[in-house]
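Listed below, chain by chain, are the residues.
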Amino acid sequence: MSKYTNSLIHETSPYLLQHAHNPVNWKAWNKETLELAKKENKLLIISIGYSSCHWCHVMEHESFENEEVAAVMNQYFINIKVDREERPDIDQVYMNAVQLMTGKGGWPLNCIALPDGRPIWGGTYFPKESWINALEQLNKMYTDKTEEVLEYAEKLTEGIKNSDLIVQNKEAINFSFENLKIAVTNWKQYMDENLGGRRGAPKFPMPNNYQFLLRYATQAKDKNILTYVNTSLTKMAYGGIYDQVGGGFSRYSVDKKWHVPHFEKMLYDNGQLVSLYSEAFQATKNPLYKNIVYQTLQFVERELMNNEGAFYSSLDADSLNSEGRLEEGAYYVWTKDELQKLLKSDYELFSKYYNVNYYGYWENDTYVLIRKNEDSIIANNNSISIEELKNKVKKWQNILLTERNKRAKPRLDDKSLTSWNALMLKGFIDAYKVFNEPHFLDIANKNAAFIYTKQIQETGNLNHNYKNGISSINGYLEDYAAVIDAYISLYEVTFNEAWLTTAKQLTDYTFDHFFDLKKSMFYFTSTIDDSLITRKMEIEDNVIPASNSIMAINLFKLSHYYSNSYYLKVSQQMLHNVKDKTFKYGSGYSNWLLLMSNFVGEFYEIVISGKSAFEKLSKIHKKYIPNKILAGSIKDSNLPLLKGRYTNQETYIFVCENGTCKLPEINVQKAITKLKIEF
């Protein structure tokens, strides 16, 4: 029986439930909590994190489980815990506030606010004594210098409102290849050409960065950028950031060689990285990339998927070590003694392959497995065939995975978020496109049906969260954008028009509830959501692309499918609004640059109509053609791109630009020769 229980015990978020037995009188973010703060005229502590966050656990253990700290928090404050994954809208506002105040942000995010929610002070992780000291001073200041505090809150709130202000760009719209070239040239100074990724440490995967750069390198015939992309993807795949035993990627590495990760595994990273490595295989035919896709998808199915076809959110960085204490990475790291006992005569070769030496050493006599050389070099240096080496690697992975499964597993965050599910859904679809593995499509269809039946509501809106059979929290723009994108992609492999129709219905819903006509951008929250201190627009691409950039690409594609000039006009204007930002900071606007690539070069509608449509489609999927959408049918269709194109006698491939088609072809290779892939 726990000594303390607070009101978080009634929540479903794994992160909130982790704090349900703290002595801190935590409350969830809701109207009742905010009303209580106003009634008692107490400052709010808004503490934001997520269940797999290592430093969130550290601060909980040091401060929130401590009775002395809890006494200060309970006496002077109304204490609110927020799961940033459930409530990204709240996180956006207070992260923005802390970044304005301190110049940096991260999690745990701790913000002190007035009873009405306007922030006055904040930061990330605080040691116990610093936290107590800060709280006591803030309470005294609020009591003694109320007017000054109110004045500061007013100014800071105004700053938050203006920080990502988008003004409609009313200059003439003009996108050019030169724009892309400038963005990439400015970006180059930050590229680590030896180790991949961004120079220095820490290193985040940033999959969308490489999707754009792969496309740019291929279309611009830029060998240096293509080499950089391949270096980055290879080093990530070789690194400790990739789980060499069980597959799947951790969130980032703390060092510059992708070696030691923060060990949490997030669904959104793995979904996007599967898409990236699938596309990279399509472009390069590098077998390493195929292995990464297959192993990562096996990990997702094994660890992050339920029997409804929904995907869970994450696995924790921390797990119980052999002494029963929570420790970061305990589940994943190995000692030499363990490896020698398990691998016996194979240990020597294994240690060369995975660098059980100074290169792979972490701390406390443990190693994080990391590769350095390709298989051919290891095989040659050790006088064995590549085939024999590959068989050994599979055997080693099975031995270590079996052993590892005996350890205490990291905690699972078992909520399912719609946006992240859609990113993983897209990963399965992209893998199916490239590898034509029917099982990948089966999983994709199952997840797409889960979103359709559980998360789309009768009123047409999407919900954001799903846990224990209950769908909850009205969806954010990220949910709509990601699901629309995934459903368009699912249409491109199934030619099931229901997915495309649903994508369009969700798009029209976003225009009704998220769109700002004057700014020609979408807000992150719906018109039917409760108001926060400001309504934000997500513009900058990060570890997940901005919901506005995903929407702009969705509108571009749907404009072609439905011959909808308004969609195209909005997509163009959205890109035009951020155009100047893309030059200066390509890494933060890579998805916008992908959209710009659609406007500056040829863009094709490839239409396949006839009984053999799927056979021809699978051949087209083998080739990397980034500047296209696909439409097709094995029967008559009223979709604008397909209308009047079906015949019983033959299956034709139409290559079209802006609705104007070249003469149809029967042969796939002949049709492909009509495509111009470069700018």
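Basis of the calculations
- Residues numbered from 1 in each chain as written.
- Predicted model: local features only at pLDDT ≥ 70, side-chain atom pairs only at ≥ 80, totals over all residues.
- Heavy atoms only, no water.
- Pairing = 2+ DSSP bridges.
- Helix = DSSP H or I, 4+ residues; strand = E, 2+ residues; numbered from the N terminus.
- Contact = heavy atoms within 4.5 Å.
- Axes fitted to C-alpha atoms, helices over the stretch in contact; angles between N-to-C directions.
- Core = buried A, V, L, I, M, F, W, Y, C linked by side-chain atoms within 4.5 Å.
- Buried < 20%, exposed > 50% of the residue type's maximum accessible area, 1.4 Å probe, protein only.
- Expected span 1.5 Å × (residues − 1).
- Arc of directions from axis to C-beta.
- Polar contact = N/O pair within 3.5 Å; in protein donor to acceptor, adjacent residues only side chain to side chain.
- Disulfide = S-S within 2.5 Å.
- Parallel < 35°, antiparallel > 145°, perpendicular 65-115°, else oblique.
- Left-handed = near helix turned anticlockwise from the far one by under 90°.
- Nonpolar A, V, L, I, M, F, W, Y, C, P; charged D, E, K, R; others polar.
- Phe/Tyr/Trp six-rings, centres within 6.5 Å; stacked < 30°, edge-to-face > 60°.
- Lys NZ or Arg CZ within 6 Å of the ring centre and 35° of its normal.

**Examining the sheet that holds strand E19 (residues 628-633)**
Point 1. Across the sheet, 4 strands lie side by side as E19-E18-E20-E21; this open sheet has mixed pairing. Two strands lie at the open edges of the sheet, namely E19 and strand E21 (660-661), each paired on one side alone.
Point 2. Pairing of strand E18 (residues 604-609) with strand E20 (residues 652-657), which is carried by 5 bridges, proceeds in the antiparallel orientation. Residue pairing across strands places Ile 606 opposite Val 655, the latter belonging to E20.
Point 3. Running over the sheet, helix H24 (residues 613-621) touches E18, E19 and E20 and is turned about 150 degrees from E18.

**A word on the sheet that holds strand E15 (residues 470-474)**
Point 1. Overall, antiparallel pairing links the 3 strands, which are arranged E13-E14-E15 in an open sheet. Looking at which strands have only one partner, the edges of the open sheet turn out to be strand E13 (416-417) and E15.
Point 2. As defined by bridge partners, strand E14 (residues 463-467) adjoins E15 across 4 bridges and the pair is classed as antiparallel. Bridge pairing links Tyr 466 to Ser 471 in E15.

**Examining the nonpolar core**
Point 1. The biggest cluster of nonpolar side chains holds 179 residues, and the ones touching the most others in it are Trp 131, Leu 213, Tyr 277, Tyr 561 and Trp 592.
Point 2. Sequence-distant contacts of Trp 592, defined by excluding residues within four places in its chain, comprise Met 521, Ile 539, Asp 541, Asn 548, Ser 549, Ala 552, Met 574, Leu 575, Val 578 and Thr 582.
Point 3. In terms of nonpolar packing, the next biggest core, distinct from the first, is built from 21 residues, Trp 29, Ala 37, Val 82 and Ile 533 among them.

**Details of helix H12 (residues 287-303)**
Point 1. For H12, with 17 residues, the first-to-last C-alpha span of 24 Å sits near the 24 Å given by 1.5 Å per residue.
Point 2. Listed as buried for H12 are Leu 288, Tyr 289, Ile 292, Val 293, Thr 296, Leu 297, Phe 299, Val 300 and Glu 303. One face of H12 carries all of its buried residues, which in axial projection span an arc of 160 degrees.
Point 3. Among the residues of H12, the N-terminal cap falls to Asn 286, whose side-chain oxygen and the backbone nitrogen of Leu 288 are separated by 2.9 Å.

**What about the pairing of E20?**
Point 1. Direction of pairing for E20 relative to E21: antiparallel, over a ladder of 2 bridges. Bridge pairing in E21 places Cys 656 opposite Cys 661.

**Considerations on the state of the cysteines**
Where two cysteines share a covalent bond between their sulfur atoms, that bond is called a disulfide.
Point 1. Taken as a whole and judged by the stated rule, the model has 2 disulfides.
Point 2. The disulfide partner of Cys 53 is Cys 56, and the gap between their sulfur atoms is 2.3 Å. The sign of the 85 degrees torsion about the S-S bond sets the Cys 53-Cys 56 disulfide as right-handed.
Point 3. Each sulfur of the disulfide joining Cys 656 and Cys 661 lies 2.0 Å from the other.

**Re the packing of helix H17 (residues 418-435) against helix H18 (residues 438-455)**
Point 1. Across the interface, H17 lies against H18 with an axial gap of 8 Å and an inter-helix angle of 155 degrees. By the angle between their directions, the pair H17 and H18 is classed as roughly antiparallel. Helix-helix and strand crossings are classified by hand; for H17 and H18 the assignment is left-handed. Where H17 approaches H18, its residues Thr 418, Asn 421, Ala 422, Leu 425, Phe 428, Ile 429, Ala 431 and Tyr 432 are matched on the opposing element by Pro 438, Phe 440, Leu 441, Ile 443, Ala 444, Asn 447, Ala 448, Phe 450, Ile 451 and Gln 455.
Point 2. The residue makeup of the contact of H17 with H18, split by class, is 14 nonpolar, 4 polar and no charged.

**Here we look at the pairing of E14**
Point 1. Across the 5 residues of E14, 5 count as buried, placing the element largely inside the fold.
Point 2. From the end of E14 to the start of E15, which pair antiparallel, there are 2 residues, and Asn 468 there has a positive phi angle of about 55 degrees.

**Quick look at the packing of aromatic side chains**
Point 1. Tallying each qualifying case throughout the model produces 51 aromatic pairs.
Point 2. Ring centres 5.7 Å apart and planes at 5 degrees place the aromatic pair Phe 311 and Phe 428 in the stacked group. Taken together, the residues Phe 311 in the loop between H12 and strand E9 (314-315) and Phe 428 in helix H17 connect sequence positions 117 residues apart. The burial state of Phe 311 is the same as that of Phe 428; both residues are buried.
Point 3. The rings of Phe 281, Tyr 294, Phe 311, Phe 428, Phe 435 and Phe 440 are connected pair by pair, giving a single aromatic cluster.
Point 4. The cationic tip of Lys 81 hangs over the ring face of Trp 26; the distance from NZ or CZ to the ring centre is 5.1 Å.

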